[in-house]
Amino acid sequence: MFDKIEELLLQVRQFQTGDKNEIEQFRIVYLGKKGSVTELFEKFREVPAEQKKEFGQKINGLKQAVNAKLDELKAALSTETIAEKSDLTRPGLPLELGSRHPISIVRNRITEIFRSIGFAVADGPEVEDDWHNFTALNLPEYHPARDMQDTFFIEQNPDILLRTHTSSVQIRYMENNEPPMRILSPGRVFRNEAISSRSHCIFHQIEGLYIDKDVSFADLKQTIQYFTTELFGKSKIRMRPSYFPFTEPSAEVDVYWGLNSETDYRITKGTGWLEILGCGMVDPAVLKNVNIDPEKYSGYAFGMGIERIVMLLYQISDIRLFFENDLRTLEQFKTL
Ligand code: PHE
C-alpha cells in the first residue's frame, strides 16, 4: 500500500500537459469519486491501527501534491492563453492628435514671413502702464484718440491697465536697444468694446517696427506688399491716408482680394478691396520719448489684428468661434 502511494506520488510529480481537458482528466483520475486518492482514503479503515498515522500523512501528502500540480498546470495554462489571445505584434491604439488654435497657426505663419526678411520677435507684458501703452506713443492724457482704445484699468491705480495694442512692446524695445532695429510683436491685447455683441474685449495683434537711417515710406510699402504676396498670394495693395497719434504720415492698407466669387463680393462689400492693417512712419515725437534722435533715424511701424486675417484665410464668419473652444471647430485645424 505504501509502495502504491510512492508510485502515485512520482506519477503526479512527473505529469505535464498544456491541454485543458487533460488537466481535468488528471483531476478526475486522482481526486474524482473513483479516483486513486479517493480510493486510498476509503481504504483508511482497513489499515492496521499502528500504521494509521503514517498512512494518513502519506495520503494527505499525495492529495496536496495533486492539488499543487493542478494549480501549477492551470497557472501555466492561463498565461499561455493570454499570450495566445493577444497579438503582441498588433499596432497600438493611435494617439489622439491635438491641433493648434487657428490664431496660433496664422500668427506663426505671419511671424515666419517677417522673420525671413530679418524681423526678430519681441515680447512684453499684457499688464502695462500708462507710459508704454499711451503717453510714450504720443497719446497723452485727455487725447481724444484714447477713446478708441478704452480698456480695463485698476481702480486703485489708474496707471496700470491691460495693453490695448502691442505698440507698448515697441516702446519697451526702443527704450532698451539701439537702432538699427527690426522687430515683430505678436500678442494678446484688450479693449473695452462691449458696444457690439459680435466684438470681443480680447483679441490678438501683430505689430512691426523698423528703425534705421534713411527708412522711407517706400520701404514700408514694399515690405507690406511682400507680406501680402507671401500670405495671401495677392500683391495688389493700396494705401489710404489715415490717422494714428504715433505715426506721421499714417495709412490704412487694403489688399485687392478680387471679385471672383460670391464670397468675395460679400467680404469686400462689392469693392474687391479688403482693409488689413494700419501703418505709418514713426512720429518723431515717439522717437524722442525713447531717446532716439529723429534727425538721425527714421522708421516705420504697422499693426494688424490676427483674428481678422484668420477669418479671411479660413472664411470664418463669427469671431466668437475663436474663444468658445468648441472641439468641433478646433478639430478642423488638425492637419494644418
Ligand atoms: N497700434 C495700432 C492699433 O492698435 C495699429 C498700428 C500700429 C497703426 C502701428 C500704425 C502703426 O490700432
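Residues numbered from 1 in each chain as written. Predicted model: local features only at pLDDT ≥ 70, side-chain atom pairs only at ≥ 80, totals over all residues. Heavy atoms only, no water.

Peer 1: Whenever I open this one, the site of the ligand confuses me. Can you help?
Peer 2: Taken together, 14 residues surround the ligand, and among them His165, Ser167, Arg191, Gln205 and Glu207 come closest. Interatomic distance of 3.1 Å between a side-chain N/O atom of Ser167 and a nitrogen atom of the ligand. A distance of 2.7 Å separates a nitrogen atom of the ligand from a polar side-chain atom of Glu207. Contact with the protein chains covers 92% of the free accessible surface of the ligand, which is 320 Å². When contributions to the shell around the ligand are tallied by element, the ones reaching two or more residues are β6 (202-212), β9 (273-282) and β10 (298-305). Each residue belonging to the shell around the ligand can be placed in one class, and the counts come to 5 nonpolar, 7 polar and 2 charged. (Near = heavy atom within 4 Å. Polar contact = N/O pair within 3.5 Å; in protein donor to acceptor, adjacent residues only side chain to side chain. Areas by Shrake-Rupley, 256 points an atom, 1.4 Å probe, with all protein chains shown as cover. Helix = DSSP H or I, 4+ residues; strand = E, 2+ residues; numbered from the N terminus. Nonpolar A, V, L, I, M, F, W, Y, C, P; charged D, E, K, R; others polar.)

Peer 1: Got a minute to help me understand the domain arrangement of the protein chain in this structure?
Peer 2: Quoted interface sizes are often the accessible area lost when the parts come together. When cut into domains, the protein chain gives domain 1 (2-85) and domain 2 (102-333). One C-alpha centre belongs to domain 1, the other to domain 2, and the line joining them spans 87 Å. (Domains from an automatic or database assignment.)

Peer 1: For this particular structure, what's the right way to read the packing of aromatic side chains?
Peer 2: Two numbers describe a pair of aromatic rings. These are the distance of the centres and the angle of the planes. All told, the structure shown has 14 aromatic pairs when counted by the stated rule. Geometrically, the ring pair formed by Phe2 and Phe55 is edge-to-face, given 6.0 Å between the ring centres and 80° between the ring planes. Placement of Phe2 in helix α1 (residues 2-14) and of Phe55 in helix α4 (residues 49-85) is noted, with a sequence separation of 53 residues between them. The exposure class assigned to Phe2 is partly exposed, which follows from its relative accessible area of 23%. Plain terms: the ring middles of Phe44 and Phe55 are 6.1 Å apart, the flat faces sit at 35° to each other, and that makes the pair tilted. Taken as a pair, Phe44 in the loop between α3 (36-43) and α4 and Phe55 in helix α4 lie far apart in primary sequence, 11 residues in all. Here Phe44 falls in the partly exposed class, since its relative accessible area comes to 29%. Judged by its relative accessible area of 1%, Phe55 falls in the buried class. (Phe/Tyr/Trp six-rings, centres within 6.5 Å; stacked < 30°, edge-to-face > 60°. Buried < 20%, exposed > 50% of the residue type's maximum accessible area, 1.4 Å probe, protein only.)

Peer 1: Teacher, can you tell me more about the pairing of β9 here?
Peer 2: The side chains of a regular strand alternate between the sheet's two faces. Burial analysis of β9 places 9 of its 10 residues in the buried class, which makes it a mostly covered element. Here 8 bridges tie strand β8 (residues 247-256) to β9, and the two strands are oriented antiparallel to one another. Residue pairing across strands places Thr247 opposite Val282, the latter belonging to β9. Direction of pairing for β9 relative to β10: antiparallel, over a ladder of 4 bridges. Each residue of the ladder has a partner; that of Met281, found in β10, is Tyr300. (Pairing = 2+ DSSP bridges.)

Peer 1: What is the right way to read the nonpolar core from this model?
Peer 2: Within soluble globular proteins, side chains that are nonpolar tend to cluster in buried spots. Grouped together as the largest cluster of nonpolar side chains are 38 residues, with contacts concentrated most on Ile110, Phe227, Leu277, Phe302 and Met304. Every element with two or more residues in this core is listed here: α5 (102-115), β6, α8 (217-232), β8, β9, β10 and α11 (306-314). Among the elements that line this core, the one with the most residues is α5, at 6 residues. The contacts of Ile110, once residues within four sequence positions are left out, are Leu184, Ile206, Phe227, Leu231, Met304 and Ile309. With 22 residues, the next largest nonpolar core counts Ala136, Val169, Val290 and Ile292 among its residues. (Core = buried A, V, L, I, M, F, W, Y, C linked by side-chain atoms within 4.5 Å. Contact = heavy atoms within 4.5 Å.)

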